[in-house]
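Per-entry structural report
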Amino acid sequence: MSAAHRAVDQALGEGVVTADQALRLKALFIANGIVEAGDGSPENNDGSMIVDSEAPRFLRGFHDILITIGVVTALSGLWGVAVAALGNEMAGPLAVLLGIIPLAEFLVRRQRLALPAFALTVFAAVAGSFLAAMFSSNLGNSSDGFWRGLLAFAGQMLVLAPFYRRYRVPAALAALIVSVFGLGWLASVLIASGLIGQGPDSPQLVGAIGLVFALGLFSIAMRDDQSDLTRVSRRSDVAFWLHLVAAPALLYSTFIAVLGGADFNAELGGGTDYATAIVTLAIVAVLMLIGIAIDRRAFVTAGLASLGGALYALFYREGVDFSGLSGFVALMVGATVLMIGTGWNRFRKILLGVLPASLQLRLPPVKA
């Protein structure tokens with residue numbers, strides 16, 4: 001990619017220009033011969049740029065990796081030292097939250113290092129949820145896990161909201177949105193269980209409500225995707241992290257709502273009935289097709305464990321039982337992943353070709 005294009009991308013990342021302005025600038029550079037069309041920046045037929053990867057842009061070199069290793073090691077050590085010195089489990093996350101502030105000011109606000117910013121976001125979310133969840137340690141009823149979850153999500157929100165406001169890290173915004181949805185999901189389960197007289201541990205209740213919130217999370221991710229089809233702005237990075245959570249949330253909430261059983265993958269195997277395995281394959285296949293259509297690979301990888309379990313159950317039910325069955329199933333799953341991964345753009349072209357034109361315009365274009 002040319003220096004001109006890199007400068008535009010940097011300006012876009014820092015909020016100096018909008019995604020639409022960035023695309024117009026790049027097209028203008030090509031039209032005036034400032035850069036060549038084939039300089040490593042793929043194009044659509046209309047001249048707009050296509051980002052070659054759906055991954056967020058948080059790695060610019062081994063320097064970022066080195067700094068991130070230092071951040072992770074230092075904050076982990078700080079957590080342990082604080083607990084040992086003060087003899088209180090809450091001292092660890094409190095010390096980490098205080099330690100994050102100077103690190104974020106220097107590494108994120110001044111140097112704008114994306115990978116260390118992601119690491120600091122993870123530490124902030126974990127420390128906030130750990131502190132909040134400790135307040136529920138005295139609960140001893142059957143809803144203890146749900147109350148801990150509520151407080152954990154609330155703690156994440158309290159920490160991530162000012163963190164994102166100050167540093168504008170895409171992963172922090174995505175984590176904040178996920179914590180809001182997680183809090184709403186658990187609160188809805190507790191409220192609904194009281195209204196209908198079922199316990200909050202009812203699999204169908206948890207799955208059905210979880211499916212509603214998973215669809216809501218997916219819709220927000222799709223809104224960000226559709227506002228940036230060429231994936232050159234921070235909205236695309238936020239959508240990436242949201243899809244990473246929404247994909248397994250949709251998958252397993254659907255499993256639990258339709259089939260019941262919270263530990264679904266553990267139940268898949270020789271004892272699984274034929275109908276359950278078929279339904280599992282159908283759900284995984286639908287989500288994979290959705291992932292291909294929207295150009296998000298998280299929807300393919302989320303169901304691999306369930307795909308393997310369902311295939312094992314089908315073979316077992318059909319009387320195929322030999323010592324290498326597990327290996328054979330793993331081979332089939334791996335071959336499926338390789339086939340989809342290597343033929344991703346071809347599959348997308350075929351799938352988008354059968355969709356209505358109005359829907360195609362709202363999805364990322366197929367890369368050449």
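Here, residues in each chain are numbered from 1, in the same order as that chain's written sequence. In keeping with the model being predicted, local features are shown solely for residues with a pLDDT of at least 70 and side-chain atom pairs are shown and tallied solely at 80 or more, while totals for entire chains, interfaces and linings include all residues. Note that water and hydrogens are dropped before the side-chain values are worked out from all heavy atoms of the structure.

Some words on the overall build of the chain
Note the threshold: Numbering goes from the N terminus for both helices and strands, where a helix is a DSSP run of H or I of at least four residues and a strand is a run of E of at least two. With a 1.4 Å probe rolled over the protein chains alone, any residue whose accessible area is under 20% of its type maximum counts as buried; one over 50% counts as exposed, and the rest are partly exposed. Any two residues having at least one pair of non-hydrogen atoms within 4.5 Å are treated as being in contact. The Shrake-Rupley method, run with a 1.4 Å probe sphere, supplies the accessible areas, and residue values consider only the shown protein chains as cover.
Helices and strands together make up the secondary structure of the chain, namely 16 helices and 0 strands. When each of the 368 residues of the chain is scored for burial, the buried share is 45%. Of the contacts made within the chain by residues no fewer than 6 positions apart, 66% connect residues no fewer than 24 positions apart. Only carbon and sulfur atoms are counted for the fraction: they give 66% of the accessible area of the chain, which is about 18300 Å².

Quick word on the packing of aromatic side chains
To describe a pair of aromatic rings, one takes the distance between the centres and the angle between the planes. What counts is decided by this rule: Each Phe, Tyr or Trp ring, with Trp reduced to its six-membered ring, pairs with another whose centre is within 6.5 Å; inter-plane angles below 30 degrees give stacked pairs, above 60 give edge-to-face pairs, and intermediate values give tilted ones.
Overall, the coordinates contain 8 aromatic pairs when judged by the stated rule. On the basis of an interplanar angle of 65° and a centroid distance of 5.5 Å, the ring pair of Phe315 and Phe328 is categorised as edge-to-face. Of this pair, Phe315 sits in helix H13 (residues 304-317) while Phe328 sits in helix H14 (residues 325-342), placing them 13 residues apart in sequence. By way of ring pairs, the aromatic residues Phe118, Phe240 and Trp241 are connected into one cluster.

Examining the packing of helix H11 (residues 274-294) against helix H15 (residues 344-353)
We count it as follows: Only the contacting stretch of a helix is used when fitting its axis, a line to C-alpha atoms as for every element, and angles between N-to-C directions run 0 to 180 degrees. Any angle that is under 35 degrees is reported as roughly parallel, and any over 145 degrees as roughly antiparallel; angles of 65 to 115 degrees are reported as roughly perpendicular and all others as oblique. When residue character is reported, Ala, Val, Leu, Ile, Met, Phe, Trp, Tyr, Cys and Pro are called nonpolar, Asp, Glu, Lys and Arg charged, and the others, Gly included, polar.
As a packed pair, H11 and H15 sit with axes 8 Å apart at the nearest point and diverge in direction by 95°. Of the possible angle classes, the one that applies to H11 and H15 is roughly perpendicular. Residue-level contacts link Leu289, Gly291, Ile292, Ala293 and Ile294 of H11 to Trp344, Phe347, Arg348, Leu351 and Leu352 of H15. Of the residues that constitute the contact of H11 with H15, the class distribution is 8 nonpolar, 1 polar and 1 charged.

Points about the packing of H11 against H13
Axis angle and axis distance: for two packed helices, these are the angle between their axes and the distance between the axes, and together they describe the pair. Worth spelling out the cut-off: Put simply, a crossing is left-handed when the front helix is turned counterclockwise from the back one by less than a right angle, and right-handed when it is turned clockwise.
Where H11 meets H13, the closest approach of the two axes is 9 Å, and the angle between their N-to-C directions is 145°. In the crossing of H11 with H13, the sense of the turn from one axis to the other is left-handed. Residues Tyr274, Ala277, Ile278, Thr280, Leu281, Val284 and Met288 of H11 form the contact with H13, whose own contacting residues are Leu304, Ser306, Leu307, Ala310, Leu311, Ala313, Leu314 and Arg317. Residue composition of the contact of H11 with H13, grouped by class: 12 nonpolar, 2 polar and 1 charged.

Remarks on the side chain of Asp295
Filter applied, for reference: Think of a polar contact as two N or O atoms within 3.5 Å of one another; within protein, one of them needs to be a possible hydrogen donor and the other a possible acceptor, and neighboring residues in sequence only count if both atoms come from side chains.
Among the structural elements, Asp295 can be located in the loop between H11 and helix H12 (298-301). One polar contact links Asp295 to Trp344, side chain to side chain, over a distance of 2.6 Å.

Points about the pattern of salt bridges
Two side chains bearing opposite charge may form a pair once their charged atoms approach each other closely. Counted only if it meets this: When a carboxyl oxygen of Asp or Glu lies within 4 Å of a side-chain nitrogen of Lys or Arg, that pair is called a salt bridge.
Counted according to the given criterion, the structure contains 6 salt bridges. Note that Glu105 and Arg166 form a salt bridge whose closest N and O atoms lie 2.8 Å from each other. Taken together, the positions of Glu105 in helix H4 (residues 91-110) and Arg166 in helix H6 (residues 144-167) put the pair 61 residues apart, joining distant regions of the chain. We classify Glu105 as partly exposed; its relative accessible area is 24%. Given the relative accessible area of 40%, Arg166 is considered partly exposed. The partner of Arg223 in a salt bridge is Asp224, and the shortest N-O contact between them spans 3.7 Å. Classification of Asp224 as buried rests on a relative accessible area of 8%. Where salt bridges share partners, they join Asp225, Arg231, Asp295, Arg296 and Arg297 into one cluster.

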